[in-house]
Amino acid sequence: MEWLKTVQIFDSVVKNGSLSSAGRVLGVSPASVSRHLSALEDDLGVRLLNRTSRALSLTEAGEVYYRKVEQILHQITEANTAVAELNSLPRGTLRVNAREFSGQLFIVPALQGFLANYPGVRVDLTLSNLSVDIVERGIDVDIRVGKLEDSSLTCRKLASSERVICAAPSYLAQNPAPERPEDLGQHNCLTYRHNLGRPVWRFIAPDRQHTEVAVTGSLQVDTGMALVSSARAGLGIILMPDWSVREELKSGQLIRLFPDYQVTHTEYVNGIYAVFSKKPDI
């Protein structure tokens, strides 16, 4: 490293035109600069610089040496930058938890690009509809839909979301379309197995009037994918996040009902969030 320091001093002297200017740039005294130059010339056995009280100039040997030194210092800078960038890239295992439907719809398709961009990262992905303690399970990030209840956690909102009610054209062809939320009590409503009681769908009308409707149907499941597939097949009416049926609504496989109402079966706060455990204060 002492040789490298000496070469850098020689390079700075040539660039700045004097020993004192080079010393100011490098933060060393002119006397130290002079000692390094003299030591370098002694090691090489040649004079590199013509020094007078008024000017400095390269000798023929100095010009050859300076060109080579410039190349070496540039390569060293590039090498240092490459190593620094490599060291700054994320590495290790990223433990991710997500609900089954949102994970299949958004996270799994994104894995190929993510892993290609970060080859030093290994993803440990869990897809489950069960609530988990991310601290106890050692999960780095949990992708959640809906209101964050645990104040000991921190979150970042990824996207807005609302819930919608929809059914297939084939179902509506065989059953009169509900005109009011209360009409859903007479329809086959496909529901999540989210509690032990009878499912209740909640509505806020354009005039802010609140309505609750206890619904029932021939199918109750614990995965959104099963609900959407069953609704597409014409089995009944579903209440789902808008992102989960976006393509079906666009293609006409499903038709939205009560578009002027806010609807939910839990909370009206339905954003998509990345949830982390808070870092302890140090």
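All values derive from a computational prediction rather than experimental measurement. The residue count restarts for each chain, going from 1 along the sequence in the order it is written. This being a predicted model, a pLDDT of at least 70 is required before a residue's local features are given, and a value of 80 or more before pairs of side-chain atoms are given or counted; all residues contribute to the totals for chains, interfaces and linings. Calculation of side-chain values draws on the structure's entire complement of heavy atoms; hydrogens and water are dropped beforehand.

I'm lost on the overall build of the chain in this one. Help?
Along the chain, the regular secondary structure elements total nine helices and 15 strands. For this measure, only C-alpha atoms enter the radius of gyration; the expected value for a globule follows 2.2 Å times N^0.38, where N is the number of residues. For 282 residues, the compact-globule estimate of 2.2 N^0.38 gives 19 Å, and the chain exceeds it by more than 25% at 34 Å. Dimensions of the chain, computed from the C-alpha atoms along their principal axes, are close to 105 × 45 × 35 Å. When burial is assessed residue by residue, the chain has 36% of its 282 residues classed as buried. In this analysis, two residues are considered to be in contact whenever any of their non-hydrogen atoms come within 4.5 Å of each other. Considering only residue pairs separated by 6 or more positions, the chain has 71% of its internal contacts joining residues 24 or more positions apart. In the chain, 30 side chains carry a positive charge and 31 a negative one; their mean positions are 4 Å apart. Helix and strand labels come from DSSP, where a helix needs a run of H or I of at least four residues and a strand needs a run of E of at least two; each type is numbered from the N terminus. Burial classes follow relative accessibility: with a 1.4 Å probe on protein chains only, a residue under 20% of its type's maximum area counts as buried, one over 50% as exposed, and anything between as partly exposed. We count Lys and Arg on the positive side and Asp and Glu on the negative side, and we leave His and both chain ends out. For this purpose, a charge sits on NZ of Lys, CZ of Arg, CG of Asp or CD of Glu.

What should I look at first to understand the environment of Phe10 in this one?
On the secondary structure map, Phe10 appears in helix α1 (residues 2-16). Measuring from C-alpha to C-alpha, the distance between Phe10 and Val33 comes to 8.2 Å, with 23 residues separating the pair along the chain. Dropping the residues within four chain positions of it, Phe10 is found in contact with Leu37, Leu40, Leu48, Leu49, Leu58, Gly62, Tyr65 and Tyr66.

Any chance you could explain the sheet that holds strand β3 (residues 92-98) here in plain terms?
Strands in a sheet are paired, the pairing made by backbone hydrogen bonds, and the direction either parallel or antiparallel. The mixed open sheet is built from five strands, whose spatial order is β4-β3-β5-β15-β6. Each end of this open sheet is capped by a strand with a single partner; those strands are β4 (121-127) and β6 (153-159). Recorded for the sheet is a direction-independent mean angle of 25 degrees between the axes of neighbouring strands. Looking at chain direction, β6 and strand β15 (residues 272-277) are connected through six bridges and run antiparallel. Note that in β15 the partner of Lys157 across the bridge is Tyr273. Note on geometry: axes are lines fitted to C-alpha atoms, helical ones only across the stretch in contact, with angles between N-to-C directions running from 0 to 180 degrees. Docked against the sheet, helix α5 (residues 100-117) engages β3, β4 and β5 (141-145), running at close to 170 degrees with respect to β4. For two strands to be treated as a pair, DSSP must find no fewer than two bridges joining them.

Help me understand the environment of Tyr118, please; the structure alone is not making it clear to me.
Locating Tyr118 in the fold gives a position in the loop between α5 and β4. What makes Tyr118 partly exposed here is its relative accessible area of 32%. On a C-alpha basis, the gap between Tyr118 and Arg91 in space is 7.7 Å, while along the polypeptide they are 27 residues apart.

Can you walk me through the nonpolar core in this structure?
A general tendency of soluble globular proteins is for nonpolar side chains to be buried together. Of all hydrophobic cores here, the largest spans 16 residues; its most connected members are Phe10, Val13, Val33, Leu37 and Tyr65. Breaking this core down by element, the ones donating at least two residues are α1, α2 (19-26), α3 (30-44) and α4 (60-88). If you tally residues by element for this core, the top one is α1, at five residues. Residues belong to one nonpolar core when they are buried, are Ala, Val, Leu, Ile, Met, Phe, Trp, Tyr or Cys, and are joined through side-chain atoms within 4.5 Å. Membership of the second largest hydrophobic core comes to 15 residues, among which are Tyr171, Phe203, Ile237 and Val263.

What's the story with the pattern of salt bridges in this structure? I'm lost.
A side chain with one charge can pair with a side chain of the opposite charge if their charged atoms come near. Salt bridges are defined as contacts in which a side-chain nitrogen from Lys or Arg sits within 4 Å of a carboxyl oxygen from Asp or Glu. Counted under the stated rule, the structure contains nine salt bridges. Between Arg256 and Glu162 there is a salt bridge whose closest N-O contact spans 3.6 Å. With Arg256 in strand β13 (residues 255-257) and Glu162 in the loop between β6 and β7 (163-167), this residue pair connects regions lying 94 residues apart in the sequence. As a salt-bridge pair, Lys250 and Glu247 come within 4.0 Å of each other at their nearest N and O atoms.

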